[in-house]
Amino acid sequence: MNFLEHLPFEIVEIIFQHLNGRDVLNLSEVNNSFNNFIAKCLNKIVFNVKKKASLESIQNVLKTSTRHYRHVKISQYSNFISSKLITWPIISLTISDIDFSNFDDFLTLMMHSKFVQEMRMSRIFILSVEKTHKEYQISFEYLKILNFHCCHSIIYEKILRNCSNLKKFSIKAGSEMPISAENTIKNLLIKNSNLKFLEIHFNIFGIIFGSDFLTNSLKFKLKRFEASSNLNQSFEMLRSNFCNFLLTQIDTLEEISIHNWMGLDVMKIIFLSPHLQKLTLKGFHNYECENIDWENLELQRNNSIEVLNFHDISENFQIFRTVVNACSYLKKCSFYSLNNEMINYLASNCSKLISIHVEKLFVNSSDYELKNLIIVS
Amino acid sequence: MDIDRPSDPQVSVVSSDGTMFHTTLKSILLSGTIKDMIEHIGEGGVENMGAIPLQNVDSKTLEIVIKWIEHHKDNIQPTSEEIKDKTADFIDPWDENFLEMDLDKLYNLITAANYLNIPQLLWLSTRKIAMLIKNRTPQEIRSLFNIEDDWTPQEIEAVQKENQWCEEK
């Protein structure tokens with residue numbers, strides 16, 4: 001009994017909800033009618049083009065295919081894009097490691113991406129930007145997730161100008177940016193008042209917090225924030241603008257991830273977040289950190305934090321003690337290293353723990369506290 | 001109408017082929033479709049309501065449906081919205097056993113669960129089909145569901161080639 005023939009379309013779709021992409025692909029090889037049906041159920045499948053393929057072989061595949069892939073991933077393969085094989089609207093696009101010879105090729109791809117909901121780009125470069133004459137009017141009104149990592153600044157400038165419904169935005173710049181691109185990024189942050197997740201890395205951090213203009217204009221209330229930036233003490237203004245920004249967000253933040261040392265004030269503010277559940281802290285191995293009197297330092301106790309990822313390669317017990325002391329309702333945690341003293345401190349301070357991950361475990365006996373919770377990876 | 005009263009009055013339903021079944025109000029309210037009908041009968045109440053005709057469910061299938069709803073009448077039922085996010089971490093062994101039936105019965109049950117709007121039963125029964133598909137080769141799926149292999153060698157080769165470019169999202 002063939003269910004495709006005996007059940008209506010909407011019920012077969014419900015069956016498909018229980019299947020993953022692999023199962024669906026497997027079904028496509030059952031017979032022609034299954035393969036034709038799968039062409040309508042492509043939401044769990046990504047069309048992934050890698051350079052190892054000859055262009056001819058992909059052309060042949062797409063020529064006979066009845067499928068219009070909704071999710072497309074292209075890496076290291078500019079020929080595929082310039083050959084303009086994608087002629088249908090897609091809803092998620094991931095491209096990485098591509099040098100476009102000119103901006104028009106890039107624009108053509110964007111034209112087919114105007115209904116896109118998720119867009120991820122890493123290491124995209126445009127070799128020649130002067131020859132761009134095409135009128136550029138894509139609004140990306142459906143775009144909700146946008147990741148830009150180390151791309152040519154003209155892409156930031158042209159793409160970021162026109163989206164205002166973002167929920168998640170992650171940006172990492174590779175090189176110096178012209179002022180116009182910087183302004184586009186700032187405007188994007190001001191315009192996207194429904195943004196929930198924000199990730200900013202390195203020089204973008206400096207662009208955003210280099211002046212206090214932005215913190216006063218932002219309307220979004222984040223649930224998740226992640227940042228990495230090398231901020232030493234000389235970046236006093238950046239630090240103070242960043243602190244002011246954090247203060248406007250702490251009421252809603254549920255997840256914070258800070259990958260570099262950004263000063264004690266930042267640490268103090270983080271622990272004030274009333275709904276913070278997951279906290280990641282890295283980068284304590286530096287001169288300024290070593291000179292803080294951690295022994296006599298108390299952070300505000302935060303009872304909402306349940307997950308802590310604490311990565312301190314300096315293995316300083318006093319920093320460990322200060323952080324762990326401030327989150328005694330921890331359920332899950334992971335550390336760079338743990339020794340007997342740290343484990344004993346965890347055992348006496350955090351009674352709700354259910355799992356502990358650690359990269360380096362230094363214990364001097366086979367029988368130590370919390371042994372059954374510790375996983376060494 | 002007060003459908004939350006402690007007693008559980010008798011209700012009758014009639015299948016498409018004219019067989020009458022007796023069950024209880026609590027059980028039959030698991031069907032969103034019948035719940036809507038009963039909420040609209042207004043004056044007279046459930047006690048004076050005649051047998052509910054179910055034009056789209058035959059007697060064999062209705063018997064199976066009634067067995068399921070009577071077993072689950074005291075359980076809290078998820079809505080069709082809630083069930084979308086459900087993960088299959090635990091399946092009640094009773095349900096697992098209940099769903100051991102021929103494919104044609106299972107298809108009829110799925111169609112009835114959809115028509116009667118019983119989200120949990122629809123989820124369980126469609127999952128049953130999905131589990132038959134999972135981890136089986138195309139050939140095994142063909143023989144299990146008696147599906148004709150209508151590929152020409154060129155066609156199947158093209159699909160297999162295309163699938164090499166695909167991965168799970």
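Everything discussed here concerns the structure shown above.
Not measured: the values here are computed from a predicted model. (Residues numbered from 1 in each chain as written. Chains lettered and ligands numbered in written order. Predicted model: local features only at pLDDT ≥ 70, side-chain atom pairs only at ≥ 80, totals over all residues. Heavy atoms only, no water.)

**Some thoughts on the sheet that holds strand β3 (residues 52-53) of chain B**
In sheet architecture, strand pairing relies on hydrogen bonds along the backbone and comes in two forms, parallel and antiparallel. Residues and elements named next belong to chain B. Ordered by their spatial adjacency, three strands build an open sheet running β2-β1-β3, and the pairing between neighbours is mixed. Each edge of the sheet is formed by a strand with only one pairing partner; in this case those strands are β2 (20-24) and β3. Of the strands in this sheet, β1 (10-14) and β2 are in contact with helix α3 (residues 59-71), which crosses β2 at around 10°. (Pairing = 2+ DSSP bridges. Helix = DSSP H or I, 4+ residues; strand = E, 2+ residues; numbered from the N terminus. Contact = heavy atoms within 4.5 Å. Axes fitted to C-alpha atoms, helices over the stretch in contact; angles between N-to-C directions.)

**Focus: the pattern of salt bridges**
All names here are of chain A. Taken as a whole and judged by the stated rule, the model has 16 salt bridges over all chains. When the shortest N-O distance is used, the salt bridge between E255 and R224 registers 3.9 Å. Pair noted here: E255 is in strand β9 (residues 255-258) and R224 is in strand β8 (residues 224-228), with a separation of 31 residues, a long-range link. With a shortest N-O distance of 3.4 Å, K331 and E306 are connected by a salt bridge. Highlighted residues: K331 in the loop between α14 (317-326) and β12 (332-339) and E306 in the loop between α13 (287-290) and β11 (307-311), separated in sequence by 25 residues. Residue class for K331 comes out partly exposed when judged on its relative accessible area of 34%. Through salt bridges with shared partners, one network takes in E199, R224, E255 and K278. (Salt bridge = Lys/Arg side-chain N within 4 Å of Asp/Glu carboxyl O. Buried < 20%, exposed > 50% of the residue type's maximum accessible area, 1.4 Å probe, protein only.)

**Re the interface of chain A and chain B**
In many reports, interface size means the accessible area that the parts give up when they come together. The partner chain B presents 39 residues to the 45 residues of chain A that form the contact. Taken over both partners, the interface formed by chain A and chain B buries close to 3700 Å², and the fraction arising from carbon and sulfur atoms is 61%. Connecting chain A to chain B are three salt bridges. For K169 of chain B, the salt bridge is made with E118 of chain A, and the minimal N-O distance between the two is 3.3 Å. (Buried area = accessible area lost by both parts, 1.4 Å probe.)

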